[in-house]
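A structural walkthrough
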Amino acid sequence: MPIPAAPSQPSADGSISRSELALATRNHGMPLEAMRWDLTPPGLHYLLIHYDVPLIDPGRWRLEVGGAVRNPLTIDLDGLRERPRVGVTSTMECAGNGRALFSPRAISQPWLLEAVGTAAWTGAALSDLLEEAGLEDDAVELVFTGADRGFEGGIMQSYQRALTRTEAMGSDAVLAYEMNGSPLPPQHGYPVRLVVPGWYGMTNVKWLTAITGVTEPHRGYQSATAYRMRAHPDEPGTPVTRIVPRSLMVPPGVPDFFSRHRIVGTGPCLLEGRAWSGWEPIEAVEVSVDGGDAWHDADLDPAPIHPHTWRRFSFTWSPSTGDYELRSRCRDAAGHTQPDVAEWNVGGYGNNGVQRIMVTVVDTER
Ligand SMILES: Nc1nc2c(c(=O)[nH]1)N[C@H]1C(S)=C(S)[C@@H](COP(=O)(O)O)O[C@H]1N2
Ligand SMILES: [Mo]
């Protein structure tokens, strides 16, 4: 039986296809109200799993560090836990977050805005381990392989992503075995995953089984074909790397069940949200409440310890009755800003165009 290479296409009216719905029910987002917590509570962190969640026996799990290294290593879970413990709080976002808001949208996981979460990860430092393995001089990249396998883009593959030698050695990347103080749950990569703060989710390889030094840039599907910014399907494009800045508000008031339209009472209303960037710390967030050109500075909570962890912002809004469109936008220390509308690309990556929340303010005195 031939393997179907393409998912069912969207219907002519652009509605979500059955294949997209199947992906969306497997890979859930973080409800935006969960941004009220500094660390995303367990089970509310978004999920993205290309193939199936593998079942891994922790007693038989091994990490093989090999390829262009002087001292190949085989490490078991106890061995990894005996290494110095390091922790990092990381805001992780899927590169496809916002994909379904592009028009036309790429046919893949149809994220709106909720493919993000923040967790405290604990494990062993990647740079220490690579130091011990001794990278050969001609090792240009490290390839990280997960235990999960599947068929994608016409190719049977293990999930793999690469990092350049400089990124791998110079970053605060962690081989994490704990998430928020507990062993990783199966869906987040048990027993061990890579966490690379500041990078889009795809680089944070789950169910990690091998780290391989390579002397040529990785040509695997997830590095060379997927996760590239392309204006046109035929061009090679540029790699998707770090997270571009984004701010999101917790939708205020209460929702209408089906449309998610918001209903807010008159009187002071605290608008709050989070902003993050994988490049530099967040420096400013602005809020607009009237759909026009007037932007107001939001108050920023103290900067988080890690430069790429989301930063809380708030703004007190005192509306009278009526219909409103709320927006927020942010800037990081490198001067990267959030565009009103992001540039379209074939894969639907990095859509950090501003969020719009439609609100009806009703008189609560009546
Ligand atoms: N082995 C493996 N690692 C993976 C994936 C995967 O499918 N397999 N998905 C990647 C993608 S695209 C994202 S966005 C993040 C999601 O991590 P989370 O599910 O823990 O939020 O994991 C990344 N690591
Ligand atoms: Mo992703």
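Because the structure is predicted, anything quoted here is derived from the model rather than measured.

Looking only at helices and strands, the protein features 5 helices and 22 strands. Its C-alpha atoms give the protein a radius of gyration of 21 Å, near enough to 21 Å, the size a compact globule of 366 residues would have. Projected onto its principal axes, the C-alpha positions of the protein cover 75 × 50 × 35 Å. Within the protein, the fraction of its 366 residues that count as buried is 51%. Partitioning the contacts of the protein with sequence separation of at least 6, the portion at a separation of at least 24 is 72%. Within the structure as shown, the protein displays about 16,900 Å² of accessible surface, and the carbon and sulfur contribution to it stands at 54%. Mean positive and mean negative side-chain charge positions of the protein (31 and 44 charges, respectively) differ by 4 Å.

Let us now look at the site of ligand 1. Residues in close proximity to ligand 1 total 19 residues, the closest being His 50, Asp 148, His 188, Arg 193 and Lys 206. Between Tyr 46 and ligand 1, the recorded distance is 2.8 Å, taken from a backbone N or O atom to an oxygen atom. Asp 148 is positioned with one of its side-chain polar atoms (N or O) 2.7 Å from a nitrogen atom of ligand 1. Burial of ligand 1 by the protein amounts to 100% of the accessible area it has alone, namely 530 Å². For the shell around ligand 1, the class distribution of residues is 11 nonpolar, 5 polar and 3 charged.

So, on to the nonpolar core. With 55 residues, the main nonpolar core has Leu 63, Leu 80, Leu 126, Leu 129, Phe 144, Leu 175 and Ile 211 as its most contacted residues. Ranked by residues supplied to this core, first place goes to helix 3 (residues 126–133) with 4 residues. Residue assignment places this core across two domains, with domain 1 (18–239) and domain 2 (246–362) each supplying three or more. Apart from the residues within four sequence positions on either side, Leu 175 is in contact with Leu 63, Leu 80, Thr 122, Gly 123, Ala 124, Leu 126, Leu 129, Val 192, Arg 193, Leu 194, Leu 208 and Ile 211. If you look at the next biggest cluster of nonpolar residues, it comprises 19 residues, including Leu 271, Val 285, Val 289 and Ile 357.

On to the sheet that holds strand 20 (residues 311–317). In space, the 4 strands of this open sheet follow the order 13-16-20-19, with antiparallel pairing throughout. Every interior strand has two partners, whereas the edge strands, strand 13 (246–249) and strand 19 (299–300), have only one. Relative to strand 16 (residues 269–276), strand 13 is paired through 4 bridges, and the arrangement is antiparallel. Note that in strand 16 the partner of Met 249 across the bridge is Gly 273.

If you check the domain split of the protein, you get domain 1 (18–239) and domain 2 (246–362). A straight line from the C-alpha centre of domain 1 to that of domain 2 covers 27 Å. Facing the 39 residues of domain 1 at the interface are 24 residues of domain 2. Between domain 1 and domain 2, the buried area comes to about 2,700 Å², and carbon and sulfur atoms account for 60% of it.

With respect to topology, 5 strands assemble into an open sheet ordered 2-1-10-5-6, the strand pairing being mixed. Among the strands making up the open sheet, the edge pair consists of strand 2 (73–76) and strand 6 (155–164). The sheet shows a mean angle of 25° between the axes of neighbouring strands, direction not considered. Across 4 bridges, the pairing between strand 1 (residues 62–67) and strand 2 is antiparallel.

About the criteria used
- Residue positions are given per chain, counted from 1 along the sequence in the order it is written.
- Each chain gets a letter, beginning with A, and each ligand a number, beginning with 1, in the order they are written.
- Local features in a predicted model are, by the rule used here, given only for residues with pLDDT of at least 70; side-chain atom pairs are given and counted only at 80 or more, and totals for whole chains, interfaces and linings are based on all residues.
- Only hydrogens and water are removed before side-chain values are computed, so all heavy atoms of the structure are retained for them.
- In this text, helices come from DSSP runs of H or I with a minimum length of four residues, and strands from runs of E with a minimum of two, each type numbered from the N-terminal end.
- Values of the radius of gyration come from C-alpha atoms, whereas the globule rule sets the reference at 2.2 Å times the count of residues to the power 0.38.
- Note on exposure labels: buried denotes an accessible area under 20% of the residue type's maximum, exposed denotes more than 50%, and partly exposed covers the range between, all computed with a 1.4 Å probe on protein chains only.
- Residues count as neighbours in contact if any of their non-hydrogen atoms are within 4.5 Å of one another.
- The Shrake-Rupley method, run with a 1.4 Å probe sphere, supplies the accessible areas, and residue values consider only the shown protein chains as cover.
- Working convention for charge: Lys and Arg count positive, Asp and Glu count negative, and His plus the chain ends are omitted.
- Positions of charges follow a simple convention, taking NZ of Lys, CZ of Arg, CG of Asp or CD of Glu.
- Being near a molecule or strand, for a residue, means having at least one of its heavy atoms within 4 Å of it.
- N or O atoms within 3.5 Å of each other form a polar contact, as long as, within protein, one can give a hydrogen and the other can take it, and as long as residues adjacent in sequence are counted only when both atoms are side-chain atoms.
- Just so you know the grouping, Ala, Val, Leu, Ile, Met, Phe, Trp, Tyr, Cys and Pro go in nonpolar, Asp, Glu, Lys and Arg go in charged, and all remaining residues, Gly too, go in polar.
- Here, nonpolar core refers to any group of buried Ala, Val, Leu, Ile, Met, Phe, Trp, Tyr and Cys residues whose side-chain atoms link them within 4.5 Å.
- Residue ranges for the domains originate in an automatic or database domain assignment.
- Two strands qualify as a pair provided DSSP detects at least 2 bridges between them.
- Buried area adds together the accessible area that both of two parts lose upon being put together, with accessible area traced by a 1.4 Å probe.
- Helix axes are fitted only over the stretch in contact, all axes being lines through C-alpha atoms; the angle between N-to-C directions runs from 0 to 180 degrees.

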